[in-house]
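Each chain is listed here by its residues.
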Amino acid sequence: MAYSFPEEVLEHVFSFIHTDKDRNAISVVCKSWYEVERWSRRRVFVGNCYAVSPGIVIRRFPELRSVALKGKPHFADFNLVPEGWGGNVFPWIATMTRAYPMLEELRLKRMVVTDESLELISRSFKNFKVLVLFSCEGFSTDGLAAIAANCRNLRELDLRESEVDDLSGHWLTHFPDSCTSLVSLNISCLGSEVSFSALERLVGRCPNLRTLRLNRAVPLERLPNLLHRAPQLVELGTGAYTAEPRPEVFSSLEGAFANCKELKSLSGFWDVVPDYLPSIYSICSGITSLNLSYATIQSPDLVKLVTQCPNLQRLWVLDYIEDSGLEALAAHCKDLQELRVFPSEPYGAEPNVALTEQGLVSVSEGCPKLHSVLYFCRQMTNAALVSIAKNRPNMTRFRLCILEPETPDYQTMEPLDVGFGAIVEHCKELRRLSLSGLLTDRMFDYIGTHAKKLEMLSVAFAGDSDLGLHHVLSGCESLRKLEIRDCPWGDKALLANAAKLETMRSLWMSSCSVSYGACKLLGQKMPRLNVEVIDERGPPDSRPESCLVEKLYIYRSVAGPRLDMPSFVRTMDEDSELRLS
Amino acid sequence: MITLRSSDGETFDIDEAVAVELQTIKHMMEDGCAGSQIPVPNVTGKILAKVIEYCKKHVESGKAEEQAASDDLKGWDADFVKVDQATLFDIILAANYLDIKALLDLTCQTVAEMIKGKTPEEIRRIFCIKNDFTPEEEEEVRRENQWAFE
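Quick caveat: nothing in here was measured; it's all calculated off a predicted structure. (Residues numbered from 1 in each chain as written. Chains lettered and ligands numbered in written order. Predicted model: local features only at pLDDT ≥ 70, side-chain atom pairs only at ≥ 80, totals over all residues. Heavy atoms only, no water.)

Caption draft 1: Representation of the overall build of chain B. Within chain B, the secondary structure is distributed over 8 helices and 3 strands. Secondary structure elements of chain B, listed N to C terminal, follow the sequence β-β-α-α-β-α-α-α-α-α-α. Seen through its principal axes, chain B has C-alpha atoms that stretch 60 × 40 × 25 Å. Across the 150 residues of chain B, 41% fall into the buried class. In chain B, 56% of the contacts between residues at least 6 apart in sequence involve partners at least 24 apart. Carbon together with sulfur atoms contributes 49% to the accessible area of chain B, which is approximately 7900 Å² in total. Put simply, chain B has 17 plus and 31 minus side-chain charges, and the middle of one group is 3 Å from the middle of the other. (Helix = DSSP H or I, 4+ residues; strand = E, 2+ residues; numbered from the N terminus. Buried < 20%, exposed > 50% of the residue type's maximum accessible area, 1.4 Å probe, protein only. Contact = heavy atoms within 4.5 Å. Areas by Shrake-Rupley, 256 points an atom, 1.4 Å probe, with all protein chains shown as cover. Lys, Arg positive; Asp, Glu negative; His and termini not counted. Charge placed at Lys NZ, Arg CZ, Asp CG, Glu CD.)

Set out below in structure tokens:
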């Protein structure tokens, strides 16, 4: 029997269904469900802002309240995407001011956001609550002043890792006295001093403030006052953790921390003076997340701190922790799920710390819940990787960055194929993998054979021939994002697997062996892909077909070629076709 | 005491305290439209009995405030919706017509759980829904979903 519920009942059922996957599934069931679903959808996630246009989004979903957009490809983090490439959010904001006056949340990652955009946001959306700018750029503290002044119901302002033109700290004073709604404030990326008294008053009048990430310029002496005004904090990022060793400053800090019984996450700790670390010991037993990636303290102090945190689930730390520190971590922090170890001196020729593959092996042995790893180091062996793989078959994210490209197994001088092969073979739930070291095509054969759930793969300075790329494209069924640099991979594998590219979000290739001719062919063969060649040497028309492209970014899109390309980006397409967005 | 009469002629006597849980009935009582018997033309006796059972239980439990009682009620609710699909859908329609918010939430949430994690084909099968998209139309929606909104 077929039941046709009245629309309002269907809408009520759908109001309990939230994930993108489920909402998308409902929309395909039948035409009436499609209609009810699209009118009742309140949030979208657009993984590539150029895969769709603002016009398409507002036509499909007339009543959105929450929009998330991602712009530049991931390799922009390594300065591989030239300035001016794109990802400007303004066209989206302009369209949404007309279509979504009730918009509440905007979450942007790797996008260019101008002050004009921020001002428009602050004036257009009366109920605006959440602004997250993750790794964004293009705006100044003037734009932030507009947000502070005009967004009456602001709950979240998160600027994590954004590049801000920091004209002055004065913008914070633009929060009116009537603003009491803040739940989360992250200004850790800002350089200049904000007005401390304004900050204290703001913190003091927001009783629901859970997250406060300060910037480096907030001195340690100011921290106790802030903490006393917000004892309910769950997540805290300190400013610089340095001062002359003075007992009254220490006890003031210690007392303030002891009062914050809900704290679970700590970060900041720029310039940390080891003498001041014990001031946080009283709350360490509750800490589940610790970000010490700016803390330039040595292993003994790190170990003392980390071993105070038996409930630690996430640790980000510099390689000063060394193998000995990681051993201690493995012994004391049995709930550890995520570990990131960053290099203190990535450009140094010689190792400055005693951090080797052994540290990672220890943690993989001692921490049964460890499933997410980002590890910078200078040496690795196949044996170590095999151990890690066998210890942790539950691994979901594994990113290994051996600093020197093409480094072999330092004991056997072999490529690291067998080691990484063990990772993909044993870790059947692996979703993200970054490779480094000396790797041949054989490695990619292992990946294509075993990594069936892999969604994102990063490759640099690896492989021998097109066969490597072919293995990946033909074997990795779940692949969504592939980013490659400096690999001898080119036309043959790309053209043979053209159809695969429509099943992925995007492919990035730079300093590889792909020719213009192949790009043109690909663009003609696959009209729904945007095959974008990035070439800062000038217009490619005069060059022979066999000339290699510098950088290539290929992505599927329902919006056709983008219209905002700078001169150094060209779409390889049937030139004369006009597409409507 | 209020008397409700189902579409198939069955009558149910209920306390006023229970009757006002059915907002539609409550409004009728307030407007003075309620005679000796209030007809409920859209709802059969079988379903009206279930609806009244729910409302009675929730009115009784409303008097107890302890956590344990609240947990018990949740358990009772979970059992209440363990009925065949046809009955569940009829209860939804009745709750909608009679404007009983808590019952509507409970039953709609139950249906939502049946939908979560399923493919469109599975959903169509569970709810006996005919796919009225042409293959091309369906393909276009799927493409837009996957390429733009995932």
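Caption draft 2: Structural detail: the state of the cysteines. In the structure shown here, the tally under the stated rule is 0 disulfides over all chains. We note that Cys-30 of chain A lacks a disulfide partner, and the nearest cysteine sulfur, in Cys-128 of chain B, lies 13 Å from it. The cysteine Cys-427 of chain A is free of any disulfide, with Cys-476 of chain A supplying the nearest cysteine sulfur at 14 Å. Accessibility expressed as a relative area gives 2% for Cys-427 of chain A, which makes it buried. (Disulfide = S-S within 2.5 Å.)

Caption draft 3: The side chain of His-74 of chain A, seen in detail. Residue and element names in this part refer to chain A. Tracing the sequence through the fold places His-74 in the loop between β2 (66-70) and α5 (90-99). According to the relative accessible area criterion, His-74 is buried, its value standing at 14%. Not counting chain neighbours up to four residues away, the residues in contact with His-74 comprise Arg-110, Arg-399, Arg-432, Met-456 and Glu-483.

Caption draft 4: Quick look at the pairing of strand β20 (residues 506-510) of chain A. Residues and elements named next belong to chain A. When you tally the buried positions in β20, you get 5 out of 5 residues, the bulk of the element. Of the two faces of β20, both are covered, the one formed by Ser-506, Trp-508 and Ser-510 as well as the one formed by Leu-507 and Met-509. Relative to β20, strand β19 (residues 481-485) is paired through 5 bridges, and the arrangement is parallel. Paired with Arg-485 across the strands is Ser-510, a residue of β20. Strand direction decides the pairing type here: β20 and strand β22 (residues 551-556), joined by 5 bridges, are antiparallel. Counterpart to Ser-506 in the pairing with β22 is Tyr-555. (Pairing = 2+ DSSP bridges.)

Caption draft 5: Spatial organisation of the environment of Leu-154 of chain A. Residues and elements named next belong to chain A. Along the chain, Leu-154 turns up in the loop between α7 (141-150) and β6 (156-158). Placed 49 residues apart in sequence, Leu-154 and Glu-105 show a C-alpha to C-alpha distance of 9.7 Å. Not counting residues up to four positions away in its chain, the partners in contact with Leu-154 are Phe-128, Lys-129, Ile-147, Phe-175, Ser-181 and Leu-182.

Caption draft 6: A look at the confidence of the model for chain A. In the predicted model, chain A carries a mean pLDDT of 94, and the fraction of residues at 70 or more is 98%. For the stretch residues 576-581 of chain A, pLDDT sits under 50, and the model shows 8 contacts to residues farther than four places along the chain or on other chains. (pLDDT = per-residue confidence, 0-100.)

Caption draft 7: Layout of the interface of chain B and chain A. If you look at the interface, chain B gives 38 residues, while chain A gives 41 residues. With both sides pooled, the region where chain B packs onto chain A buries about 3600 Å², and carbon together with sulfur makes up 67% of that total. When the area that chain B buries against chain A is broken down by residue, the three leading residues are Trp-147, Phe-149 and Glu-150 of chain B, summing to 25%. Linking chain B with chain A are 2 salt bridges. Across the pair Lys-31 of chain A and Glu-137 of chain B runs a salt bridge, and its minimum N-O distance is 3.4 Å. Applying the counting criterion to the chain B and chain A interface returns 15 residue pairs in polar contact (both at pLDDT 80 or more). Tallying contributions element by element places helix α8 (residues 135-148) of chain B first for the side of chain B that touches chain A, with 10 residues. In terms of residue class, the side of chain B that touches chain A is built from 19 nonpolar, 6 polar and 13 charged. (Buried area = accessible area lost by both parts, 1.4 Å probe. Salt bridge = Lys/Arg side-chain N within 4 Å of Asp/Glu carboxyl O. Polar contact = N/O pair within 3.5 Å; in protein donor to acceptor, adjacent residues only side chain to side chain. Nonpolar A, V, L, I, M, F, W, Y, C, P; charged D, E, K, R; others polar.)

Caption draft 8: Structural view of the side chain of Asn-145 of chain B. Position of Asn-145 of chain B among the secondary structure elements: in helix α8. The class of Asn-145 of chain B is buried, set by a relative accessible area of 3%. Setting aside anything within four residues of it in sequence, one finds Asn-145 of chain B in contact with Asn-24, Ser-27, Val-28 and Arg-60 of chain A together with Glu-150 of chain B.

Caption draft 9: Region of interest: the pattern of salt bridges. Taken as a whole and assessed by the stated rule, the structure comprises 37 salt bridges over all chains. The shortest N-O distance in the salt bridge between Lys-72 of chain A and Glu-137 of chain A comes to 2.5 Å. With Lys-72 of chain A in the loop between β2 and α5 and Glu-137 of chain A in strand β5 (residues 137-140), the pair connects residues that are 65 residues apart, well separated along the chain. Residues joined by salt bridges that share partners form a network here, namely Glu-121, Arg-124, Glu-138 and Arg-142 of chain B.

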